[in-house]
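# Structure at a glance
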Amino acid sequence: MPTRRDVLRMAIGAPLATMALPILGASKEFWDTKSPSEWSSAEIDRMLTKSPWAKEVSASFDGGFGG
């Protein structure tokens with residue numbers, strides 16, 4: 001029969017283990033498993049906007065010299 005401490009460990013440990021799977025490399029991203037010629041347009045868009053390399057920027061132009 002599990003003790004109260006055992007039940008708490010299981011209740012806390014299961015969600016933490018589930019969250020740690022992507023961190024530990026259990027889930028590979030498509031750019032690690034497929035060649036670029038196999039990527040769909042949705043995957044390309046995801047890589048360009050939501051990958052570790054994607055950065056959102058803001059640019060402006062003041063008219064050049066003398067503004």
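I will try to describe carefully the structure that is included in this document.

Rules and cut-offs
Residues numbered from 1 in each chain as written. Predicted model: local features only at pLDDT ≥ 70, side-chain atom pairs only at ≥ 80, totals over all residues. Heavy atoms only, no water. Helix = DSSP H or I, 4+ residues; strand = E, 2+ residues; numbered from the N terminus. Areas by Shrake-Rupley, 256 points an atom, 1.4 Å probe, with all protein chains shown as cover. Phe/Tyr/Trp six-rings, centres within 6.5 Å; stacked < 30°, edge-to-face > 60°. Buried < 20%, exposed > 50% of the residue type's maximum accessible area, 1.4 Å probe, protein only. Salt bridge = Lys/Arg side-chain N within 4 Å of Asp/Glu carboxyl O.

## Structural notes on the overall build of the protein chain
Helix and strand counts for the protein chain come out as three helices and zero strands. Seen in sequence order, the protein chain has helices and strands lined up from the N terminus as α-α-α. Summed over its atoms, the accessible surface of the protein chain is roughly 6300 Å², and 61% of this surface lies on carbon and sulfur atoms.

## What about the packing of aromatic side chains?
Enumeration according to the criterion identifies three aromatic pairs in this entry. With centroids separated by 5.4 Å and ring planes inclined at 85 degrees, the aromatic side chains of Phe-30 and Trp-39 adopt a geometry described as edge-to-face. Grouping residues by exposure puts Phe-30 and Trp-39 together as buried. Centre to centre, the rings of Trp-31 and Trp-53 are 5.2 Å apart; their planes meet at 65 degrees, and the pair counts as edge-to-face. In this pair, Trp-31 is assigned in helix α2 (residues 30–33) and Trp-53 in the segment after α3 (41–50), connecting sequence segments 22 residues apart. Residue class for Trp-53 comes out exposed when judged on its relative accessible area of 57%. Among the aromatic residues, those joined into a ring-pair cluster are Phe-30, Trp-31, Trp-39 and Trp-53.

## Topic: the pattern of salt bridges
Evaluated as defined, the whole model comprises two salt bridges. Between Arg-46 and Glu-29 there is a salt bridge; the shortest N-O distance is 2.7 Å. Of this pair, Arg-46 sits in helix α3 while Glu-29 sits in the loop between α1 (4–23) and α2, placing them 17 residues apart in sequence. For Arg-46, a relative accessible area of 36% translates into the label partly exposed. The salt bridge partner of Lys-34 is Glu-43, with a shortest N-O separation of 2.9 Å. Under the relative-accessibility criterion, Glu-43 is labelled buried at 18%.

Note that every value here comes from positions in space, so none of it alone points to a role or purpose.
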